[in-house]
Amino acid sequence: MNFRKIVIGCCALLAVQGAIAQTKPDDRIKVRQAAFTVIAANIGKIKTNLDGEYNKDDVLKSIAVIQSLAHTNVASWFPAGTDKGIGIRETQVRTELFDPANAKKIDEASRNFDEQANQFAIVAELGAKNAVQAQFGKLRATCQGCHDNFRVDSTTAAAPAK
């Protein structure tokens, strides 16, 4: 898939997300899962690039996609009522994410992801592989923090929906 198709897909996803705000929880979960699938695919592309022959342009394309999604406020992808249900597959969100006592923590995590994606784009533009590698670790740590705190262990999660 080329970069243009990815960007168009992300833009379409975000447009659909706005429309889905008025629909049933399973549809909202599906949009959230699709967005995270796009993020994960681009994280994988960056990791493959850093593990192999480094290509600055490829890294910049992937971080641009991640950055565009991070700018949408990831915390908003978890509206009330989406703690249970099936989107593309059964949701893996822990119910603790929806506890009002965690709202500040969720907003902070979302802002941190956005900030680290922005910082990654700056570092990647400069092009030094070692610096990009270090910033990649910081970006991934933002993902891992949410996975550790608010995602059900994938080994116990349900199989993909049919």
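Reading the values: rules and limits
- Residues numbered from 1 in each chain as written.
- Predicted model: local features only at pLDDT ≥ 70, side-chain atom pairs only at ≥ 80, totals over all residues.
- Heavy atoms only, no water.
- Axes fitted to C-alpha atoms, helices over the stretch in contact; angles between N-to-C directions.
- Helix = DSSP H or I, 4+ residues; strand = E, 2+ residues; numbered from the N terminus.
- Parallel < 35°, antiparallel > 145°, perpendicular 65-115°, else oblique.
- Left-handed = near helix turned anticlockwise from the far one by under 90°.
- Contact = heavy atoms within 4.5 Å.
- Nonpolar A, V, L, I, M, F, W, Y, C, P; charged D, E, K, R; others polar.
- Phe/Tyr/Trp six-rings, centres within 6.5 Å; stacked < 30°, edge-to-face > 60°.
- Buried < 20%, exposed > 50% of the residue type's maximum accessible area, 1.4 Å probe, protein only.
- Core = buried A, V, L, I, M, F, W, Y, C linked by side-chain atoms within 4.5 Å.

(A) Here's a closer look at the packing of helix α3 (residues 56-70) against helix α4 (residues 103-126). Axis separation between α3 and α4 bottoms out at 9 Å; the angle between their running directions is 160°. When the axis of α3 is compared with that of α4, the two are roughly antiparallel. Crossing handedness for the pair α3 and α4: left-handed. Residues Lys56, Val59, Leu60, Ile63, Ile66, Gln67 and Ala70 of α3 lie in contact with α4, whose contacting residues are Phe113, Asp114, Ala117, Asn118, Phe120, Ala121, Ala124 and Glu125. Each residue belonging to the contact of α3 with α4 can be placed in one class, and the counts come to ten nonpolar, two polar and three charged.

(B) The arrangement of the packing of aromatic side chains in detail. Under the defined criterion, the tally for this structure stands at three aromatic pairs. On the numbers, 6.1 Å between centres and 40° between planes, the contact of phenylalanine 36 with phenylalanine 78 is tilted. Within this pair, whereas phenylalanine 36 is found in helix α2 (residues 25-51), its partner phenylalanine 78 is found in the loop between α3 and α4, the two being separated by 42 residues in sequence. Residue class for phenylalanine 78 comes out buried when judged on its relative accessible area of 15%.

(C) Representation of the nonpolar core in the model. Counting residues in hydrophobic clusters, the biggest one holds 28 residues, and the most contacted among them are Ile63 and Phe120. Residue contributions to this core peak at seven residues, all from α4.

(D) Structural detail: the side chain of glutamine 116. Within the secondary structure, glutamine 116 sits in helix α4. Overall, glutamine 116 belongs to the buried group, its relative accessible area being 17%. In contact with glutamine 116, other than residues within four places in its own chain, are Gln135, Lys138, Leu139 and Thr142.

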